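These are the residues of each chain, in order.
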Amino acid sequence: MNEIPLQSANRTQVVVVGGGPAGLLLALLLHRAGIECVVLERRTRDYVLSRIRAGVLEQGTTDLLRSAGVGARMDREGLVHEGLDIAWRGETLHIDLRELSGGKTVMVYGQTEVTHDLYDALDEAGVPVLHEAEDVRLHDVEGDAPFVTFRTMATGERRIECDFVAGCDGFHGVCRATIPAEKLETFERVYPFGWLGVLVRKPPIQEELVYAHHSRGFALCSLRNPQLSRYYVQCSLEDRVEDWSDERFFDELAIRLPDRIAANLQRGPSIEKSIAPLRSFVAEPMRHGRLFLAGDAAHIVPPTGAKGLNLAVSDVHYLSRALIAHYHERDDGFLDSYSTDALARVWKAERFSWWFTSMIHRFEDDGSFGQRIQEAEFDFLASSKAAQTALAENYVGLPF
Ligand code: FAS
Ligand code: PHB
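Every value quoted in this text rests on a predicted model; they were computed, and no experiment measured them.

(A) Expanded view of the site of ligand 2. Taken together, 14 residues sit near ligand 2, with Tyr-211, Ser-222, Arg-224, Tyr-232 and Pro-303 positioned nearest. A distance of 2.6 Å separates an oxygen atom of ligand 2 from a polar side-chain atom of Ser-222. Compared with its free state, where it exposes 280 Å², ligand 2 has 98% of that area covered by protein. Counting residues per element, the ones that place at least two in the shell around ligand 2 are strand S15 (219-225) and strand S16 (228-235). Tallying contributions element by element places S15 first for the shell around ligand 2, with 3 residues. Considered class by class, the residues forming the shell around ligand 2 number 8 nonpolar, 3 polar and 3 charged.

If you want it as structure tokens, here you go:
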């Protein structure tokens, strides 16, 4: 792990706030382009790596990770998935992603592993990543000489002057909060339920993912590897993890799945159990002076479409391109168009994530009309190759 030596680095080119996938990948791409940066992460590395989050990578994400030099273990251990199943009324509809998307697939490889690989690459490259960076504050981002202050146990109070700040500090971070409210427009939809997720050291119920609609609520069967399964059930926002024993969880999961699939469920002690709320959220613009937001700092999607992590990578594609053009060609065109470029793709992913969430979850307050609309949505999907193609194109990831 590379700490900033006490005697140096009161100045760098880009300060990256946040050591999650967005911040780490951006730092690595900038370093590979010879651009100096430092990553400030509030938590310990162990804490960051203990969070269980995304599991599905779009082809654009895996391509960018390979180009950053962190694709080797992913290609060794990741699982290429060519399709997925949607379960409804006890039957399943198979979506052939490869055939419908013109050859594209997705990779099942956990966000935790991606983060591990990025940290290892940054360590090897000697890029400074400061953990337990407390009280990070941005200053003068509207001017030409921004700086960031913070403190750590090791270094005490610090000030780093820079050219740009990348706000990769997630939904609850400090960077978006630095932008004056009158300069920001936000868009939000909060869903009236959460996802209870469980990790269990058992083989998955089947090779491909299963997204299940049921009158009792949504369920999802996923995995991390052939010996590690990841399951979710839709739950009430009032639920707490302690309300759900492993037995109650697996009983409910089995009820919500078609019998043919539930018969293959291998139960075991959960090694992680957590509840995540669901929301759609976008903050516009994603730039404020010399501050650029990327990833969850700028937008959130319900995890139904497996877009969260992939959108963070998408933003990093646009932001790294822009910063490299600035330093290599003295061309600020991509910096000036960053917010527009990134948001064009963000909103398409927001739409898909909202559509898929709306179709497949149980909405208590939507009444009988809402339920009939969901039935019609599924029946149209089941009967239309065009509808299935649209789902596949969005699921594998739209072009950058
Ligand atoms: P992250 O939140 O991952 O990283 C931001 C980092 O900034 C964190 O490490 C945080 O500690 C740090 N930070 C925050 N404030 C700071 C400050 N003031 N100073 C310094 N550092 C600060 N996506 C999917 O595709 N599928 C899923 O199943 C899925 N499940 C999820 C479950 C949960 C509980 C959550 C919260 C998200 C889930 N997501 C899922 C979305 C998730 O994967 C995000 O999209 C992804 O982590 C985005 O990466 P970042 O933008 O890097 O933000
Ligand atoms: C996961 O494996 O955690 C996962 C997969 C697909 C999703 C959401 C989460 O849509």
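(B) Representation of the packing of helix H12 (residues 367-383) against helix H13 (residues 385-396) within the structure. Running from amino to carboxyl end, H12 crosses H13 at an angle of 100°, the nearest separation of the two axes being 5 Å. Comparing the axis directions of H12 and H13 gives the class roughly perpendicular. Contact residues: H12 offers Phe-380, Leu-381, Ala-382 and Ser-383, while H13 offers Lys-385, Ala-387, Gln-388 and Leu-391. Counted by class, the contact of H12 with H13 contains 5 nonpolar, 2 polar and 1 charged residues.

(C) Structural detail: the side chain of Arg-345. In this structure, Arg-345 sits in helix H11 (residues 333-360). Here Ser-314 takes part through its side chain, which lies 3.1 Å from a polar atom of the side chain of Arg-345. Residue contacts for Arg-345: discarding those within four places in its chain leaves Glu-58, Asn-310, Leu-311, Ser-314, Tyr-318, Gly-397, Leu-398, Pro-399 and Phe-400.

(D) Representation of the site of ligand 1 within the structure. With respect to spatial proximity, 31 residues lie near ligand 1, and among them Glu-41, Arg-51, Arg-53, Gln-111 and Asp-296 are the closest. Within the backbone of Arg-42, an N or O atom sits 3.1 Å from a nitrogen atom of ligand 1. Gln-111 is positioned with one of its side-chain polar atoms (N or O) 2.5 Å from an oxygen atom of ligand 1. Contact with the protein chains removes 86% of the 1000 Å² of surface that ligand 1 exposes when unbound. Of all elements in the fold, only helix H1 (21-32) and helix H10 (308-329) reach the threshold of two or more residues within the shell around ligand 1. Ranked by residues supplied to the shell around ligand 1, first place goes to H10 with 3 residues.

Quick notes on the rules
- Residues numbered from 1 in each chain as written.
- Chains lettered and ligands numbered in written order.
- Predicted model: local features only at pLDDT ≥ 70, side-chain atom pairs only at ≥ 80, totals over all residues.
- Heavy atoms only, no water.
- Near = heavy atom within 4 Å.
- Polar contact = N/O pair within 3.5 Å; in protein donor to acceptor, adjacent residues only side chain to side chain.
- Areas by Shrake-Rupley, 256 points an atom, 1.4 Å probe, with all protein chains shown as cover.
- Helix = DSSP H or I, 4+ residues; strand = E, 2+ residues; numbered from the N terminus.
- Nonpolar A, V, L, I, M, F, W, Y, C, P; charged D, E, K, R; others polar.
- Axes fitted to C-alpha atoms, helices over the stretch in contact; angles between N-to-C directions.
- Parallel < 35°, antiparallel > 145°, perpendicular 65-115°, else oblique.
- Contact = heavy atoms within 4.5 Å.

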